[in-house]
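Tertiary structure, described
For reference, the chains in residue letters:
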Amino acid sequence: MSQENKNSTDHNFDPTLFQPLDPVKLFDDYYFIGNKLVGFHVLKTSEGLVLFDAMDKYDVDDEFLIPGLQKLGWDQEPIAMLFLTHGHFDHYMGAEKVRLRTGCGVALSKEDTVFMVNGPDNYLDVADLRVPRITRLVEDGEDVRFGDHTVHVIGAPGHTPGCLNYSFEVHDGAETHRVIMVGGYGVFGPGVYPGGHDYPFTVTHAVDQALQFATSCVKTWEYCKENGCDVYLNPHPHLCDLLKLAEENQGRKAGEPNAFVIGTEGVRKWVVERFDVCLDYALRFTDIRETYPK
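Cut-off values and rules
Residues numbered from 1 in each chain as written. Predicted model: local features only at pLDDT ≥ 70, side-chain atom pairs only at ≥ 80, totals over all residues. Heavy atoms only, no water. Pairing = 2+ DSSP bridges. Helix = DSSP H or I, 4+ residues; strand = E, 2+ residues; numbered from the N terminus. Axes fitted to C-alpha atoms, helices over the stretch in contact; angles between N-to-C directions. Core = buried A, V, L, I, M, F, W, Y, C linked by side-chain atoms within 4.5 Å. Buried < 20%, exposed > 50% of the residue type's maximum accessible area, 1.4 Å probe, protein only. Contact = heavy atoms within 4.5 Å. Salt bridge = Lys/Arg side-chain N within 4 Å of Asp/Glu carboxyl O. 1 Å grid on protein atoms, 1.4 Å probe; cavity = no way out; pocket = protein on both sides within 12 Å on 5 of 7 lines; lining within 4 Å. Points joined across faces, edges and corners; volume = space filled by probe spheres on them. Nonpolar A, V, L, I, M, F, W, Y, C, P; charged D, E, K, R; others polar. Parallel < 35°, antiparallel > 145°, perpendicular 65-115°, else oblique. Left-handed = near helix turned anticlockwise from the far one by under 90°. Phe/Tyr/Trp six-rings, centres within 6.5 Å; stacked < 30°, edge-to-face > 60°. Lys NZ or Arg CZ within 6 Å of the ring centre and 35° of its normal.

**Quick word on the sheet that holds strand S10 (residues 164–172)**
- Within the open sheet, the 5 strands sit side by side as S8-S9-S10-S11-S12. Their pairing is mixed. Among the strands making up the open sheet, the edge pair consists of strand S8 (143–146) and strand S12 (231–233). Across the sheet, the axes of successive neighbouring strands diverge by a mean angle of 25 degrees, strand direction being ignored.
- Sheet topology note: the strand S9 (residues 149–155)/S10 ladder contains 4 bridges and is antiparallel. Looking at the pairing, Val 153 lines up with Tyr 166 of S10.

**Thoughts on the nonpolar core**
- Ranked by internal contacts, the top residues of the largest apolar core, which has 56 residues, are Phe 83, Tyr 166, Phe 168 and Leu 233.
- When residues of this core are assigned to their parent elements, the largest contribution, 9 residues, is made by helix H5 (residues 203–227).
- Residues in contact with Leu 233, not counting those within four places in the same chain, are Leu 26, Tyr 30, His 41, Val 179, Ile 180, Met 181, Val 182, Cys 240, Leu 242 and Phe 260.
- One finds Val 38, Met 55, Tyr 92 and Met 116 within the second-largest nonpolar core, a separate group that totals 28 residues.

**Digging into the pattern of salt bridges**
- If you walk through the whole model with that rule in mind, you get 17 salt bridges.
- Its salt-bridge partner being Asp 61, residue Arg 101 comes within 2.6 Å of it at the nearest N-O pair. Taken together, the residues span a long stretch of sequence, with Arg 101 in helix H3 (residues 95–102) and Asp 61 in helix H1 (residues 60–72) at a distance of 40 residues.
- Exposure remark for Asp 61: the relative accessible area of 1% places this residue in the buried category.
- Across the pair Lys 219 and Asp 140 runs a salt bridge whose closest N-O atoms are separated by 3.0 Å. Of this pair, Lys 219 sits in helix H5 while Asp 140 sits in the loop between strand S7 (136–137) and S8; the two residues are 79 residues apart in sequence, bridging distant segments of the chain.
- Owing to a relative accessible area of 48%, Asp 140 belongs among the partly exposed residues under this scheme.
- Residues participating in the shared-partner salt-bridge network are Asp 59, Asp 62 and Lys 97.

**Here we look at empty space enclosed by the protein**
- Overall, the coordinates contain 1 cavity of 30 Å³ or more when judged by the stated rule.
- Roughly 100 Å³ of volume is contained in the largest cavity.
- Elements represented by at least two residues in the lining of the largest cavity include exactly H5 and helix H7 (263–284).
- Ranked by residue count, the leading element in the lining of the largest cavity is H5, at 4 residues.
- In terms of residue class, the lining of the largest cavity is built from 8 nonpolar, 4 polar and 1 charged.

**Re the sheet that holds strand S5 (residues 79–83)**
- An order of S1-S2-S3-S4-S5-S6-S7 is seen for the 7 strands of this open sheet, with the pairing classed as mixed. With one partner strand each, in any of the chains shown, strand S1 (24–27) and S7 form the two edges of the open sheet.
- Where strand S3 (residues 39–45) meets strand S4 (residues 48–52), 5 bridges bridge the pair, whose relative direction is antiparallel. Residue Val 42 lies in a different strand from S4, and its bridge partner there is Leu 51.
- Sheet strands in contact with H1 are strand S2 (30–34), S3, S4 and S5, and its direction is about 145 degrees off that of S2.
- Across the sheet, helix H6 (residues 242–249) lies against S1, S2 and S3, angled at about 80 degrees from S1, the strand it touches most.

**Describing the layout of surface pockets**
- When its volume is computed, the largest pocket comes out at roughly 410 Å³.
- What lines the largest pocket is a set of 20 residues, and nearest its centre among them are Lys 25, Leu 26, Asn 249, Arg 252 and Asn 258.
- When contributions to the lining of the largest pocket are tallied by element, the ones reaching two or more residues are S1, strand S11 (175–181) and H6.
- Of the residues forming the lining of the largest pocket, the biggest block, 4 residues, is contributed by H6.

**Some words on the side chain of Thr 85**
- Its place among the elements puts Thr 85 in the loop between S5 and helix H2 (89–92).
- The residues contacting Thr 85, other than those within four sequence positions of it, are Asp 53, His 91, Leu 108, Gly 162, Cys 163, Leu 164, Tyr 166, Met 181, Gly 183 and Pro 235.

**Here we look at the packing of H1 against H3**
- Close contact between H1 and H3 brings their axes to 9 Å; oriented N to C, the two are set at 65 degrees. In terms of their interaxial angle, H1 and H3 are classed as roughly perpendicular. Crossing of H1 against H3: the hand is right-handed. Mapping the contact onto sequence places Asp 61, Asp 62, Leu 65 and Ile 66 in H1 and Lys 97, Val 98 and Arg 101 in H3.
- Looking at the contact of H1 with H3 residue by residue, the class counts come to 3 nonpolar, no polar and 4 charged.

**Remarks on the packing of aromatic side chains**
- Inspection of the entire model under this criterion finds 13 aromatic pairs.
- Measuring from centroid to centroid gives 4.8 Å for Phe 52 and Phe 168, while their planes differ by 15 degrees, and the two rings are stacked. Of this pair, Phe 52 sits in strand S4 while Phe 168 is found in strand S10, placing the two residues 116 residues apart along the sequence.
- Accessibility expressed as a relative area gives 0% for Phe 168, which makes it buried.
- For the pair Tyr 199 and Phe 201, a centre-to-centre distance of 5.5 Å together with 80 degrees between the ring planes defines the contact as edge-to-face.
- Classification of Tyr 199 by relative accessible area gives buried; the value is 14%.
- What links up through ring pairs into an aromatic cluster is the set Tyr 30, Phe 52, Phe 83, Phe 146, Tyr 166 and Phe 168.
- The ring centre of Tyr 58 lies 4.0 Å from the NZ or CZ of Arg 130, which sits over that ring.

Right, here's the structure in full:
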């Protein structure tokens, strides 16, 4: 959630941005279900479906997830787990209804489980704010196995105190590729805060969070480099070119490359873009480099 990441509380936006899309195929076992701004990422495993994030309204299970799964023929598959990337409302609002319907676990970091309850979403103008019950606390470095798939958890604080990235394998025919799902995007501080609100914390806190985010980018890159991540994704489709790449895949012929496979160098370019933004904002938030009047 950030000024870059517009949400459905901004009524000046084109309403078609919020309309359900047909399920978007990324890989044989991986789809996106949502709209042009945010959605569920759905990984099909031998133990059921693994979801990543839950959109920005309580009723998205009825409006988006169930119809999308029906179109895929996956509506009879059990939901094995719903992983949340972080504790901003546009990522968790639909989680509780999915949990109550399916009985699935809902996973998040300990830090952002607290942040959801005490964080800034509680005074933003968000209709019908619903904080989900978190049934599983996941930690940095943890591997969570679902039959033939393993989800690796990467702690990546900065966007929020307990923001998480996730990594897992996907399949494209006989090929296997490794995804890095980056949970956070915006950098917050004085003059840069969701909903047009004044930044409620200190300059020191803002700089600390920006630098933490930069460190998380380095940590994420080290993981991607060591593990050969060649697919970059974000819960917001417009922050990872998801719809653009899906369009490039339309009409793709046998043997032609999948547009989502951008190589480890392509992943690096996405990560370093955030790294540079974090460092830039850390300097913007403080006047330490300005000459101070005597």
